Amino acid sequence: MIARMAWFGALFVLALITIFLQIDRQAGTTSALASAVPGPLRNSAQAVVAARAIEGSDPALALEEAQRLVRRRPIPAESLTLLAVAQTKAGLIEEAGVTIQIAGQRGWRESLAQETVLRLALAAGDEAEAARRYAALFLKASTPDTLLQELGPAVLGKAGGAGQRTLIDIVSGTDRWNDTFLRRGMRVLPPSTFSEIAGAAIKRGARFDCGVIAQTINALQRSDEQAAVRLKIASDGQCA
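Counting from 1, residues in each chain are numbered in the order their sequence is written. Owing to the predicted nature of the model, reporting of local features is limited to residues with pLDDT of at least 70; listing and counting of side-chain atom pairs is limited to 80 or more, with chain, interface and lining totals taken over all residues. Only hydrogens and water are removed before side-chain values are computed, so all heavy atoms of the structure are retained for them.

A few words now on the overall build of the protein. Numbering of helices and strands starts at the N terminus; helices are DSSP runs of H or I of at least 4 residues and strands are runs of E of at least 2. Looking only at helices and strands, the protein features 13 helices and zero strands. The secondary structure elements of the protein, listed N-terminal to C-terminal, are α-α-α-α-α-α-α-α-α-α-α-α-α. When accessible area is computed with a 1.4 Å probe and restricted to protein chains, residues below 20% of their type maximum are described as buried, those above 50% as exposed, and intermediate ones as partly exposed. When each of the 240 residues of the protein is scored for burial, the buried share is 40%. Look at the contacts in the protein between residues 6 or more apart in sequence, and 53% of them connect residues 24 or more apart. Where accessible areas are quoted, they stem from the Shrake-Rupley method and a 1.4 Å probe; at the residue level, only the protein chains shown are allowed to cover. With an accessible surface of roughly 12,900 Å², the protein has 57% of that area assigned to carbon and sulfur atoms. A contact between two residues is defined here by any heavy atoms of the two lying within 4.5 Å.

Attention now moves to the nonpolar core. The definition of a nonpolar core used throughout is a set of buried Ala, Val, Leu, Ile, Met, Phe, Trp, Tyr and Cys residues joined through side-chain atoms within 4.5 Å. In terms of nonpolar packing, the biggest core is built from 34 residues, with Y134, L156, L167, F181, L182, F194 and F208 touching the most fellow members. It is helix α7 (residues 127-139) that contributes the most residues to this core, six residues altogether. Counting residues in each nonpolar core, the second largest holds 13 residues, with A62, V70, L80 and A103 among its members.

Turning next to the packing of helix α11 (residues 191-203) against helix α13 (residues 225-235). Axes, fitted as lines to C-alpha atoms, cover a helix only where it is in contact. Angles between the N-to-C directions of the axes lie from 0 to 180 degrees. Across the interface, α11 lies against α13 with an axial gap of 9 Å and an inter-helix angle of 5°. The angle between α11 and α13 places the two elements in the roughly parallel class. Residues P191, S192, F194, S195, E196, A198, G199, I202 and K203 of α11 form the contact with α13, whose participating residues are A227, R230, L231, A234 and S235. Considering only residue class, the contact of α11 with α13 consists of seven nonpolar, four polar and three charged. Put simply, angles under 35 degrees are roughly parallel, angles over 145 are roughly antiparallel, angles from 65 to 115 are roughly perpendicular, and the rest are oblique. Residues are grouped as follows: nonpolar covers Ala, Val, Leu, Ile, Met, Phe, Trp, Tyr, Cys and Pro; charged covers Asp, Glu, Lys and Arg; every other residue, Gly included, is treated as polar.

Looking now at the confidence of the model for the protein. Low-confidence regions, as indicated by low pLDDT, have predicted coordinates that should not be scrutinised in detail. With 77% of its residues at a pLDDT of 70 or more, the protein has an overall mean of 76. Per-element mean pLDDT across the protein ranges from 42 in helix α1 (residues 2-27) up to 92 in helix α8 (residues 145-156). pLDDT is a residue-level measure of predictor confidence that goes from 0 to 100. Predicted confidence is poor over residues 4-34, with pLDDT under 50, and the contacts of this stretch with residues over four places away or in other chains come to 29 contacts. In this model residues 36-41 is a low-confidence stretch, pLDDT under 50, and it forms 13 contacts with partners more than four residues away in sequence or in other chains.

With that out of the way, let us pick up the side chain of Q164. Along the polypeptide, Q164 turns up in helix α9 (residues 162-172). Judged by its relative accessible area of 5%, Q164 is buried.

Attention now goes to the packing of aromatic side chains. How two aromatic rings sit relative to each other is given by the distance of their centres and the angle of their planes. Between rings of Phe, Tyr and Trp, where Trp is taken as its six-membered ring, a pair exists when centres lie within 6.5 Å; planes separated by under 30 degrees are stacked, by over 60 edge-to-face, and by other angles tilted. All told, the structure shown has three aromatic pairs when counted by the stated rule. Ring geometry for Y134 against F138: centres 6.4 Å apart, planes inclined by 45°, an arrangement best described as tilted. Taken together, the residues span about one helical turn, with Y134 and F138 both in helix α7 at a distance of four residues. Residue Y134 is classed as buried on the basis of its relative accessible area of 0%. Where F138 meets F181, the ring centres are 5.8 Å apart and the plane angle is 35°; that geometry is what we call tilted. Taken together, the positions of F138 in helix α7 and F181 in helix α10 (residues 178-188) put the pair 43 residues apart, joining distant regions of the chain. Taken as a pair, F138 and F181 share a single burial class, namely buried. Connected via pairs of aromatic rings, a cluster forms that spans Y134, F138, F181 and F194. By definition here, charges over rings are those cases where NZ of Lys or CZ of Arg is within 6 Å of the ring centre and within 35 degrees of the ring normal. Over the ring of F138 we find R184; its NZ or CZ atom is 5.8 Å from the centre of that ring.

Looking now at the environment of R165. Within the secondary structure, R165 sits in helix α9. By relative accessible area, R165 is classed as partly exposed at 48%. Sequence separation of R165 and A200 is 35 residues, and the distance between their C-alpha atoms is 9.0 Å.

Moving on to the side chain of S195. Considering the arrangement of structural elements, one finds S195 in helix α11. S195 has contacts with A227, R230 and L231, leaving out every residue within four places of it along the chain.

Given below as structure tokens:
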């Protein structure tokens with residue numbers, strides 16, 4: 001009898017754990033469920049708990065929850081990004097700088113990490129690194145144009161500078177940009193900067209659709225005729 005009760009008890013505990021694990025998984029998309037998951041079983045739910053603590057007014061709690069998240073989910077860049085924010089709130093500025101750089105290296109698709117590393121690179125005078133992070137943000141469709149417009153002049157505003165040279169290397173060295181760079185670049189970059197980078201990339205061998213180039217030149221003429229002329233001259237060899 002006792003053995004049978006123990007057996008049913010074990011099944012009940014196993015079923016309960018399974019339910020909580022399912023709730024934990026669902027908490028990744030339904031944050032309201034996070035608080036229903038017991039602390040020792042939190043995985044996805046811990047990210048929600050950490051984010052809530054960071055939004056709160058207790059820096060010590062935020063740091064504790066973010067550290068717990070990294071212990072449980074050390075690989076995702078998002079975990080390290082939350083830890084860096086918590087460290088900043090707790091006044092651990094140097095530690096936050098190291099953490100966010102590691103997050104940026106792990107997660108090129110993690111926008112907050114990329115933006116933070118970009119700003120750190122600018123503060124350190126490393127325009128090349130800032131340009132690489134700008135490229136990562138540029139390629140991510142969910143990155144707001146307004147953010148790219150804000151960051152572009154600081155990263156790429158120096159004619160012939162390390163930022164521009166790095167972005168030219170990236171654009172001319174891959175076919176991932178193609179027409180996307182022309183269409184989005186014209187929207188988010190100052191006309192003269194965009195023209196310099198696009199023209200230099202074409203001279204370095206980047207190939208773009210001639211119809212898109214023609215549309216881009218026509219659009220540039222309405223805002224900066226000199227920039228339009230420079231891009232037309234650069235593209236004449238490819239689209240004569």
